[in-house]
Amino acid sequence: MRRLTFRRPDDWHVHFRDGAMLETVVPHTARAFGRAIVMPNLVPPVTDRASASAYRDRIVAAVPQDADFTPLMTCYLTDHTDPADLIAGFREGLFAAAKLYPAHATTNSAHGVSSIRAIDGVLGAMADAGMPLLTHGEITRPEVDIFDREKGFVDEVLIPTLERFPTLRVVMEHITTRQGAELVAEHPDRMGATITPQHLLYNRNALFAGGLRPHMFCLPILKRAEHQEALRKAATSGRSNYFLGTDTAPHLRHLKEADCGCAGVFSAPVAIGAYLKVFAEEDALDRFEAFASLNGPAFYGRAPNEARVTYEERATPVPATIATGEGELVPLFGGGSVDWIEASQ
Ligand code: DOR
Ligand code: ZN
């Protein structure tokens, strides 16, 4: 049986939601990860210091007593973001970063930014302060093919923005294409990218395997196999720009198995095992620690976690559903098994 010991990892992209859902999902992330970048797309969104501070308190209250876990907060950018509040929140350590949702790109993004030019003042202040911009990298014009939206964002939004703000630090969240991976590699000094387990494990065929698979639906959507291959090469390359970010995004089962189903894969219960499967398949277990535990902290200017964890290769059943106070969630690998599991202490 293979075993692997590495520094306790961090998750640089999670959705915790709120209320009963938050209480169910936070422990899954808090047990496996030391820190997590928390996405702000609540209803209403987390758009200032006051709402972020209150949300952080609700998250901390849901962390199990025995878990050593710190949530890192983000601010949801709108056309009306106050740069002074944003930068003050960054300087005092409340905000780790700010998140750009193009309006209507994804779940709860209606208040997002209408045009990148509308936030030039904010981006200039962020560049000056060294505050990272996290992007949901999809253009939203409805006539653009859903499989081309990330490439469109790279060409139409990201490249011009990088040129206009030469010192702005940017994380392209949940990259799904070769073009996304390449752009990040071209800007090693100031760009990072998170990569989800589902975009490493699957390509768009998984959306239609034997029928329509709502639990494989997330945004940006799964792409062709050639893009999956590019992401697997990037994640296991050892390059410091790529790091772990699950985009774990729970939605109640009935809201995914619906006529107009929600986007998101709930991966937190099996996240580390899912990534380890990919690294084992790529014969790159020796590069896992960099991706999971070192590259993210380095980008964010933080020390890696001191604690070590050990995982072993042992197929373990995953429950088909997980109950919340509001209804059921279907986790990644639900009803199947995960290949790697934390070794018992
Ligand atoms: O699949 C997704 N789910 N993509 C996103 O960008 C948002 C997320 C969510 O909040 O459900
Ligand atoms: Zn997300």
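Residues numbered from 1 in each chain as written. Chains lettered and ligands numbered in written order. Predicted model: local features only at pLDDT ≥ 70, side-chain atom pairs only at ≥ 80, totals over all residues. Heavy atoms only, no water.

A. Here's a closer look at the nonpolar core. In terms of nonpolar packing, the biggest core is built from 101 residues, with Phe16 and Met126 touching the most fellow members. It is helix H10 (residues 271-281) that provides the largest number of residues to this core, a total of 8 residues. For methionine 126, the residues in contact, after removing those within four places along its chain, are Leu77, Leu86, Ile87, Ala98, Met131, Pro132, Leu133 and Leu168. Ile37, Ala96, Ala97 and Tyr101 belong to the second-largest nonpolar core, a separate cluster that totals 13 residues. (Core = buried A, V, L, I, M, F, W, Y, C linked by side-chain atoms within 4.5 Å. Buried < 20%, exposed > 50% of the residue type's maximum accessible area, 1.4 Å probe, protein only. Helix = DSSP H or I, 4+ residues; strand = E, 2+ residues; numbered from the N terminus. Contact = heavy atoms within 4.5 Å.)

B. Just the sheet that holds strand S9 (residues 242-244), in detail. With respect to topology, 8 strands assemble into an open sheet ordered S2-S3-S4-S5-S6-S7-S8-S9, the strand pairing being parallel. Each edge of the open sheet is held by one strand with a lone partner, namely strand S2 (11-14) and S9. When strand polarity is set aside, the average angle formed by the axes of neighbouring strands in this sheet is 30°. Note that strand S4 (residues 70-76) and strand S5 (residues 95-100) share 4 bridges and pair parallel. The residue bridging threonine 74 from the neighbouring strand is alanine 97, located in S5. (Pairing = 2+ DSSP bridges. Axes fitted to C-alpha atoms, helices over the stretch in contact; angles between N-to-C directions.)

C. Seen up close, the site of ligand 1. Lining the immediate environment of ligand 1, one finds 14 residues, of which Arg17, Asn41, Leu219, His251 and Ala263 sit closest. One nitrogen or oxygen atom from the main chain of leucine 219 is found 2.7 Å from a nitrogen atom belonging to ligand 1. Between ligand 1 and alanine 263, the relevant distance is 2.9 Å, taken from a nitrogen atom to a main-chain nitrogen or oxygen of the residue. When isolated, ligand 1 has an accessible area of 290 Å², and the protein chains bury 100% of it. For the shell around ligand 1, the class distribution of residues is 4 nonpolar, 8 polar and 2 charged. (Near = heavy atom within 4 Å. Polar contact = N/O pair within 3.5 Å; in protein donor to acceptor, adjacent residues only side chain to side chain. Areas by Shrake-Rupley, 256 points an atom, 1.4 Å probe, with all protein chains shown as cover. Nonpolar A, V, L, I, M, F, W, Y, C, P; charged D, E, K, R; others polar.)

D. A look at the coordination of the zinc ion (ligand 2). Only His13 (NE2), His15 (NE2) and Asp247 (OD) from the protein reach the zinc ion (ligand 2) as donors, at distances of 2.1 Å. Counting gaps between the donor residues of the zinc ion (ligand 2) yields the pattern H-x1-H-x231-D. Accessibility assignment for this pair places histidine 13 and histidine 15 in one class, buried. (Donors = N, O, S within 2.8 Å, 3.2 Å for Na, K, Ca; no water.)

E. Here's a closer look at the side chain of arginine 190. Looking at the secondary structure, you find arginine 190 in the loop between helix H6 (178-186) and strand S8 (191-195). Notably, arginine 190 is buried but unbridged: the nearest opposite-charge side chain belongs to aspartate 189, and the N-O separation is 4.9 Å. Here phenylalanine 165 takes part through its backbone oxygen, which lies 2.7 Å from a polar atom of the side chain of arginine 190. Looking at arginine 190, its side chain comes within polar contact range of the main-chain oxygen of leucine 168, at 2.9 Å. Not counting residues within four places of it along the chain, the set of residues in contact with arginine 190 comprises Leu162, Phe165, Pro166, Thr167, Leu168, Arg169, Val170 and Phe299. (Lys, Arg positive; Asp, Glu negative; His and termini not counted. Salt bridge = Lys/Arg side-chain N within 4 Å of Asp/Glu carboxyl O.)

F. Seen up close, the state of the cysteines. Applying the stated criterion across every chain yields a total of 0 disulfides. For the unlinked cysteine cysteine 262, the closest cysteine sulfur is that of cysteine 260, found at 7.6 Å. On the basis of relative accessibility, which here comes to 24%, the residue cysteine 262 falls in the partly exposed class. (Disulfide = S-S within 2.5 Å.)

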